[in-house]
Amino acid sequence: MNGSPRILLGVTGGIAAYKAAELVRALVKEGAEVQVILTPRAEEFVTPLTLATLSGRPVARTEFTPEPSPTIGHIELARWGHALVVAPATANEIARFAHGQADDLLTTVYLAFAGPVVVAPAMNPKMWDHPETRENVERLRARGVAIVDPEEGYMACGDEGAGRLAALQTIAAEALWAARRSTSLLGVKVLVSAGPTHEPLDPVRFLGNRSSGKMGFAIAAAAAARGAEVVLVAGPSRLAPPFGVRTVPVTTAAAMQAALEREAADAKVIVMAAAVADHRPADAAPRKLEHKGESWALELVPTPDILAGLAARRPAGQLIVGFAAETHDALARGRAKRERKGCDLLVVNDVTAEGAGFEADTNVVTLIGRDGAADAWPRMSKRQVAERLLDRIEAERRSR
Ligand code: C5P
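What counts, and where the lines are drawn
Residues numbered from 1 in each chain as written. Predicted model: local features only at pLDDT ≥ 70, side-chain atom pairs only at ≥ 80, totals over all residues. Heavy atoms only, no water. Near = heavy atom within 4 Å. Polar contact = N/O pair within 3.5 Å; in protein donor to acceptor, adjacent residues only side chain to side chain. Areas by Shrake-Rupley, 256 points an atom, 1.4 Å probe, with all protein chains shown as cover. Helix = DSSP H or I, 4+ residues; strand = E, 2+ residues; numbered from the N terminus. Nonpolar A, V, L, I, M, F, W, Y, C, P; charged D, E, K, R; others polar. Salt bridge = Lys/Arg side-chain N within 4 Å of Asp/Glu carboxyl O. Axes fitted to C-alpha atoms, helices over the stretch in contact; angles between N-to-C directions. Left-handed = near helix turned anticlockwise from the far one by under 90°. Contact = heavy atoms within 4.5 Å. Parallel < 35°, antiparallel > 145°, perpendicular 65-115°, else oblique. Domains from an automatic or database assignment. Buried area = accessible area lost by both parts, 1.4 Å probe. Pairing = 2+ DSSP bridges.

**Q** Could you clarify how one ought to interpret the site of the ligand in this entry?
**A** Surveying the vicinity of the ligand reveals 14 residues, the closest of which are Met272, Ala274, Leu307, Lys337 and Lys341. Contact distances for the ligand include 2.7 Å between an oxygen atom and a backbone N or O atom of methionine 272. At 2.4 Å from an oxygen atom of the ligand is found a side-chain nitrogen or oxygen belonging to lysine 337. A total of 450 Å² of accessible area belongs to the ligand in isolation, and the protein chains cover 90% of it. Broken down by secondary-structure element, the contributors of at least two residues to the shell around the ligand are helix 11 (306–312), strand 16 (319–326) and helix 12 (330–341). Considering only residue class, the shell around the ligand consists of eight nonpolar, two polar and four charged.

Here it is, written out as structure tokens:
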């Protein structure tokens with residue numbers, strides 16, 4: 001990115017709003033330009049004058065200005081910012097984001113903003129734990145919003161538990177990071193596969209696997225937040241399609257292959273995070289099969305290796321990343337697999353490790369490069385794995 005990162009900082013009406021003043025200072029100190037957007041309730045806790053003085057810009061407070069102004073309309077604000085950061089975010093504002101309401105300046109900017117969004121909630125622990133809040137937060141996460149989880153501690157209301165605004169340094173780092181990367185993959189087509197495949201035996205049964213799609217969906221959302229044109233070919237998954245991503249739903253390995261091959265030619269990066277079935281039933285019966293009381297031998301035939309096929313026919317300059325879920329000898333198997341499949345990078349994870357694998361929100365992975373060199377990453381959220389993997393992909397693209 002050339003020039004300073006431009007951050008839209010939404011401040012909402014909770015007691016932690018007083019901390020926004022320090023956050024503005026921290027961001028400005030790091031070289032960011034900060035435009036504060038204050039909700040009417042936040043003004044009860046912190047004054048526009050304080051935030052305007054610290055940011056060096058008039059605070060944006062309402063979508064209605066006395067005269068048309070090119071600088072503070074919500075669309076202009078949305079165009080100006082590299083990242084939208086909301087700290088503190090109340091349960092109310094999170095609910096309104098999650099349901100697409102646009103009844104104040106901040107919610108309106110949220111809807112008009114196409115770049116990365118960082119939300120740092122702060123509220124009473126019971127409000128944070130309430131199923132409505134949890135559901136709203138998950139909706140935002142599914143749309144690629146980075147949630148800076150609140151911390152445990154003693155609250156202003158006297159309660160104890162999770163709900164206190166995260167450390168300002170953590171929020172500032174997320175904010176700067178999001179703003180600096182918001183355009184790093186602009187104009188680059190990234191093709192991602194995710195989830196399991198289901199291979200039908202008959203109209204009611206299938207062979208599948210335990211992949212949730214979380215890893216691939218996180219990669220797709222993170223690439224979109226960097227400005228990439230993202231196509232996500234997704235096997236059956238309960239996850240909501242990420243915002244800003246073209247999602248192509250598929251069921252079988254054959255359908256996944258067809259969709260990927262259709263999209264691959266102009267992709268600059270392909271990430272195969274899907275857990276594709278290696279075998280499928282030889283024939284899918286048109287009617288429900290009956291084998292009551294008898295043993296039943298299934299005939300399975302291999303599916304094509306999609307990744308190996310894409311790698312063998314790739315256009316010049318295309319970077320291909322594979323994944324491997326292993327249960328033993330992860331590193332040796334990963335190295336051999338990378339060579340066999342011909343991809344540039346292979347992300348290996350031992351799905352039996354704690355905090356790793358299919359259903360988990362975290363992952364423990366080792367990255368294997370072309371020279372066989374292994375880079376073992378500590379346990380981190382799948383979103384963090386996605387971001388770090390994209391950093392590596394960007395570095396590989398630069399070094400070519
Ligand atoms: O051989 P294995 O299934 O462990 O390989 C995993 C990698 O290969 C993943 O990137 C997966 O998406 C890809 N794969 C594929 N086609 C298959 C099986 C796996 O592209 N039939």
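**Q** Would you explain the pattern of salt bridges in this entry?
**A** Two side chains bearing opposite charge may form a pair once their charged atoms approach each other closely. Enumeration over the complete set of coordinates arrives at 32 salt bridges. Its salt-bridge partner being arginine 61, residue glutamate 43 comes within 2.7 Å of it at the nearest N-O pair. Residue glutamate 43 is found in the loop between strand 2 (33–38) and helix 2 (48–55), and its partner arginine 61 is found in the loop between helix 2 and helix 3 (74–80); the two are separated by 18 residues along the sequence. We note a salt bridge from glutamate 263 to lysine 189, for which the minimum N-O separation is 2.8 Å. You can see glutamate 263 sitting in helix 10 (residues 253–264) and its partner lysine 189 sitting in strand 8 (residues 189–194), a full 74 residues away along the chain.

**Q** What should I look at first to understand the packing of helix 4 (residues 91–98) against helix 5 (residues 105–112) in this one?
**A** Geometrically, a packed helix pair is captured by the angle between its two axes and the distance between the axes. At their nearest, the axes of helix 4 and helix 5 sit 10 Å apart, and the two run at 40° to each other. Our pair here, helix 4 against helix 5, has a crossing hand that is right-handed. Residues Glu93, Arg96 and Phe97 of helix 4 lie in contact with helix 5, whose contacting residues are Leu106, Thr107 and Tyr110. Counted by class, the contact of helix 4 with helix 5 contains three nonpolar, one polar and two charged residues.

**Q** I keep staring at the packing of helix 4 against helix 7 (residues 131–142) and nothing clicks. Help me out?
**A** Between helix 4 and helix 7, the least distance of the axes is 9 Å, while the angle of their chain directions is 50°. Between helix 4 and helix 7, the crossing angle belongs to the class labelled oblique. Judged by the twist between their axes, the crossing of helix 4 over helix 7 is left-handed. Contact residues: helix 4 offers Ala91, Ile94, Ala95, Phe97 and Ala98, while helix 7 offers Thr133, Asn136, Val137, Arg139 and Leu140. When the residues that make up the contact of helix 4 with helix 7 are grouped by side-chain class, the tally is seven nonpolar, two polar and one charged.

**Q** Explain the domain arrangement of the protein here, please?
**A** Interface extent is often summarised as the accessible area lost during association of the parts. Under the domain assignment, the protein is made up of domain 1 (6–181) and domain 2 (189–280 + 294–399). Here the C-alpha centre of domain 2 lies 33 Å away from the C-alpha centre of domain 1. Here domain 1 packs against domain 2, burying approximately 820 Å² in sum over the two surfaces, 54% of which is carbon and sulfur. The interface formed by domain 1 and domain 2 contains two salt bridges. Its salt-bridge partner being glutamate 174, residue arginine 383 comes within 3.6 Å of it at the nearest N-O pair. Our enumeration of links across domain 1 and domain 2 arrives at one residue pair in polar contact (both at pLDDT 80 or more). Looking at the side of domain 1 that touches domain 2 element by element, the count peaks at three residues for helix 8 (residues 168–181). The residue inventory of the side of domain 1 that touches domain 2, partitioned by class, reads five nonpolar, one polar and three charged.

**Q** Before we go on, may I ask you to explain the sheet that holds strand 1 (residues 6–11) in this structure?
**A** The strands that make up a sheet pair up through hydrogen bonds in the backbone, lying either parallel or antiparallel. Read across the open sheet, the five strands follow the order 2-1-3-4-5; overall the sheet is parallel. In this open sheet, the two edge strands, each paired with only one partner strand, are strand 2 and strand 5 (146–147). Note: strand 4 (residues 117–121) against strand 5, two bridges, orientation parallel. Bridge pairing in strand 5 links valine 118 to alanine 146.

**Q** Explain the sheet that holds strand 8 here, please?
**A** A sheet is described by the order of its strands in space; here eight strands give the open sequence 12-11-8-13-16-17-19-20, paired in mixed fashion. In the strand order of this sheet, the two ends are held by strand 12 (245–249) and strand 20 (374–376), each with one partner. Strand after strand, the sheet turns through a mean of 15° between neighbouring axes, direction not considered. Two strands pair when backbone bridges link them, and strand 19 (residues 365–368) and strand 20 are joined in this way by three bridges, in the antiparallel orientation. Bridging from a neighbouring strand, isoleucine 368 pairs with alanine 374 of strand 20. Helix 10 contacts strand 8, strand 11 (229–234), strand 12 and strand 13 (269–272) of the sheet and is inclined by roughly 175° relative to strand 8.

**Q** Would you explain unusual backbone geometry in this entry?
**A** Residues other than glycine predominantly adopt negative phi, and peptide bonds predominantly adopt the trans conformation. Looking along the chain, the bond that leaves alanine 87 and enters proline 88 is cis, with omega of -5°. Here proline 88 shows up in strand 3 (residues 83–89). At aspartate 329, a position not held by glycine, the phi torsion is positive, near 45°. If you trace the backbone, aspartate 329 turns up in the loop between strand 16 and helix 12.

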